[in-house]
Amino acid sequence: MRPNTATPTGPSTSSTSIFDELESQVRSYCRSWPATFTTAAGSTLQDEDGRSYLDFFAGAGALNYGHNHPVLLDALIDYLRSGGIVHALDMHTVPKREFLTTFRDRILAPRDLDYKVMFPGPTGTNSVESALKLARKVTGRQHILSFTNAFHGMTLGALSVTGNSMKRNGAGLPLTNSSKIPYDDYFSGATEDFLWLERVLSDSGSGVDKPAAIIVESVQGEGGLSAARPEWLRALSELCRAHGILLILDDVQAGCGRTGEFFSFEESGIVPDIVCLSKSISGFGLSMALTLIRPELDQWEPGEHNGTFRGQNTSFVTATAALNQFWADDAFAEGVRVRATELHDGLTQIASGYDGAVVKGRGFLTGIKFPDASAASKIAAAAYERGLLVETSGPEDEVLKTMPALTISSDELRSGVDVIAAATAEVLGAPVIHEGAAHESAAHESTENPTDHREDTK
């Protein structure tokens, strides 16, 4: 989401002077949402003026279980009060042991995955950096292939495999040893998938060096919510195996249940060589990242990749609580899929009223692409005025991107969709009601404060 640099006309910004005085110009979200937030629970935030906001942002996907989930909060508070160790680098601790055991039993074993678990640092870009380094180390090759409109992080290695030109321009130097290839449906079906790549990899005279790895997102969270088809991911996996190329799956934003399964690639049936996780793996918004590695690829020398904050025990505590609370069986994932269908249906109803608007994405990583590239940002701003936090995605911010907490209720979803409908009508005009289509008023009075009619999801 690009920052809104216009003077805000919504909630009070009387307490923003210290931010303007001292904080760097690089800040972005606060420009579009200038409220000063104080408390949060579930899918609701409050600002210091007492106004409530419905959250369709979920900390950019770091809060899949909502704000301050009581089960996770209690586990964290109990641990802190116990005097348990907080910072331990990669030393053995009880919380790390409990997390690894739970992650194996709840996530890896039921899916027949035998990954080794690496703690690369506190963020998703740390996980991507470690994956790229390891792929090069194991294969002895330097080049990495990534996809059009990909986003993998803000450090130099991650930027080198990112497609977004604005992000890449911030590097300040050439980003090398990487090439971009077309993502699924980039040519709208006009060109056969992987035709060029398969040809050059098979031709010793092509002059194209075999890459160490290909890195891919199954849903491009920042790239416009393009979602790869299962058959496309399977074809990519098969191509990598056929040519001895490692497949890295970046599940930083789409993982941890956001698409309806714990891993976003489960639907396709593939098993990537390396998987990058972060954002909601701690479950509570605390910093944590994992790099999952096929055992035979775990060829690191001790300390060859390290970091001071790669093993925060508070994150292990909340992550373990989240896995036990939500992933002990299939019930939670099934509920996510049901509510994701409700979200998709609501957004589809909105899009049907505007020529050229289409719904994109998967699960709770879904949005509307508008033919007018400026529309999504205006709609997001109008939604904020109505008390809804929703961002945009895509190279031109042309997609209105919804990313609610996975614990959101059906009533909250309906309230948020109603706000989006009202904001869209404000920006683009009243929708065209097609004959035979179900019609529900999207601009009823409750959109002025959509939190009034929501259930307590604590």
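The shown structure was predicted, so the numbers you read here are calculated from the model rather than taken from an experiment. (Residues numbered from 1 in each chain as written. Predicted model: local features only at pLDDT ≥ 70, side-chain atom pairs only at ≥ 80, totals over all residues. Heavy atoms only, no water.)

1. Thoughts on the overall build of the protein chain
Assigned secondary structure in the protein chain consists of 14 helices and 15 strands. Relative to a compact globule of 458 residues, whose C-alpha radius of gyration would be 23 Å, the protein chain shows 22 Å and is just as compact. Principal-axis analysis of the C-alpha atoms places the extent of the protein chain at approximately 65 × 60 × 50 Å. Across the 458 residues of the protein chain, 52% fall into the buried class. Within the protein chain, contacts between residues separated by at least 24 positions form 74% of all contacts whose residues are at least 6 apart in sequence. Total accessible area on the protein chain is roughly 19900 Å²; 50% of this is exposed by carbon and sulfur atoms. Taking the average location of the 38 positive side-chain charges in the protein chain and that of its 59 negative ones, the two points are 7 Å from each other. (Helix = DSSP H or I, 4+ residues; strand = E, 2+ residues; numbered from the N terminus. Rg over C-alpha atoms; globule rule 2.2 N^0.38 Å. Buried < 20%, exposed > 50% of the residue type's maximum accessible area, 1.4 Å probe, protein only. Contact = heavy atoms within 4.5 Å. Areas by Shrake-Rupley, 256 points an atom, 1.4 Å probe, with all protein chains shown as cover. Lys, Arg positive; Asp, Glu negative; His and termini not counted. Charge placed at Lys NZ, Arg CZ, Asp CG, Glu CD.)

2. Describing the layout of surface pockets
For the largest pocket, the calculated volume is near 1000 Å³. Around the largest pocket sit 44 residues that line it, and Tyr29, Phe151, Met154, Glu222 and Lys279 are the ones nearest its centre. When its residues are assigned to classes, the lining of the largest pocket shows 17 nonpolar, 19 polar and 8 charged. (1 Å grid on protein atoms, 1.4 Å probe; cavity = no way out; pocket = protein on both sides within 12 Å on 5 of 7 lines; lining within 4 Å. Points joined across faces, edges and corners; volume = space filled by probe spheres on them. Nonpolar A, V, L, I, M, F, W, Y, C, P; charged D, E, K, R; others polar.)

3. Some points on the sheet that holds strand 14 (residues 391-393)
Pairing is antiparallel across the open sheet formed by 4 strands, whose spatial order is 11-12-15-14. Of all the strands in the sheet, the pair left with one neighbour each is strand 11 (358-362) and strand 14. Strand-to-strand, the axes of this sheet are offset by a mean angle of 35 degrees, without reference to chain direction. In this sheet, strand 12 (residues 365-369) lies alongside strand 11 in antiparallel orientation, the contact comprising 5 bridges. Bridge assignment links Lys360 to a residue of strand 12, and that residue is Gly367. Helix-sheet contacts for helix 12 (residues 331-351) involve strand 11, strand 12 and strand 15 (399-402), and the interaxial angle to strand 12 is about 5 degrees. (Pairing = 2+ DSSP bridges. Axes fitted to C-alpha atoms, helices over the stretch in contact; angles between N-to-C directions.)

4. Some remarks on helix 6 (residues 124-139)
End to end, helix 6 covers 23 Å across 16 residues, agreeing with the expected 22 Å (1.5 Å per residue, within 8%). Residues Gly124, Thr125, Ser127, Val128, Glu129, Ser130, Ala131, Leu132, Leu134 and Ala135 constitute the buried set of helix 6. (Expected span 1.5 Å × (residues − 1).)

5. Quick notes on helix 9 (residues 195-202)
Since one α-helical turn is 3.6 residues long, residues separated by three or four positions face the same way. Within helix 9, burial applies to Leu197, Val200 and Leu201. Within helix 9, the buried residues cover an arc of 100 degrees as seen down the axis, which keeps them to one side. Of the exposed residues in helix 9, those oriented more than 90 degrees away from the buried face are Arg199 and Ser202. Close packing links the buried residues of helix 9 with strand 5 (144-147), strand 6 (178-181), strand 7 (213-216) and helix 10 (230-243). (Arc of directions from axis to C-beta.)

6. Topic: the environment of Asp193
Of note, Asp193 is situated in the loop between strand 6 and helix 9. Once the C-alpha coordinates of Asp193 and Ala171 are considered, the two residues, 22 residues apart in sequence, prove to be 31 Å apart. Sequence-distant contacts of Asp193, defined by excluding residues within four places in its chain, comprise Asp184, Asp185, Arg229 and Trp232.

7. Describing the sheet that holds strand 9 (residues 274-277)
Pairing in this open sheet of 7 strands is mixed, and the strands run 4-10-9-8-7-5-6 from one edge to the other. Each of the sheet's edge strands pairs with one partner strand only, and the pair in question is strand 4 (116-118) and strand 6. Averaged over all pairs of adjacent strands, the angle between strand axes in this sheet comes to 20 degrees, irrespective of strand direction. Against the sheet, helix 10 contacts strand 5, strand 7 and strand 8 (246-250), and its axis sits at roughly 165 degrees relative to strand 7.

8. Concerning the nonpolar core
Core analysis: the largest hydrophobic core is formed by 80 residues, its most contacted members being Phe103, Phe262, Phe263 and Leu277. Sort the elements by how many residues they give to this core and helix 12 lands first, with 8 residues. Ranked by size, the runner-up nonpolar core spans 20 residues in total, among them Met118, Val128, Ala212 and Val252. (Core = buried A, V, L, I, M, F, W, Y, C linked by side-chain atoms within 4.5 Å.)

9. A closer look at a nonpolar patch on the surface
Side chains of Ile18, Phe19 and Leu22 sit close together on the surface and give an oily, nonpolar patch of about 300 Å² of accessible area. Along the chain, the position of Leu22 falls in helix 1 (residues 17-22). (Patch = residues over 30% accessible without salt bridge, like charges linked within 9 Å, V, L, I, M, F, W, Y side chains within 5 Å. Salt bridge = Lys/Arg side-chain N within 4 Å of Asp/Glu carboxyl O.)

10. Let's talk about the packing of aromatic side chains
Applying the stated criterion across every chain, the model contains 22 aromatic pairs. Taking 5.7 Å as the distance between ring centres and 25 degrees as the angle between the ring planes, the aromatic pair formed by Tyr29 and Trp33 counts as stacked. With 5.6 Å between their ring centres and 20 degrees between their planes, Tyr53 and Tyr384 make a pair best called stacked. Of the two residues, Tyr53 is situated in strand 3 (residues 52-55) and Tyr384 in helix 13 (residues 375-385); the sequence distance between them amounts to 331 residues. Using a relative accessible area of 2% as the deciding quantity, one classes Tyr384 as buried. Taken together, the ring pairs connect Tyr65, Phe99, Phe103, Phe119, Phe262, Phe263, Phe265, Phe316, Phe326, Trp327 and Phe332 into an aromatic cluster. (Phe/Tyr/Trp six-rings, centres within 6.5 Å; stacked < 30°, edge-to-face > 60°.)

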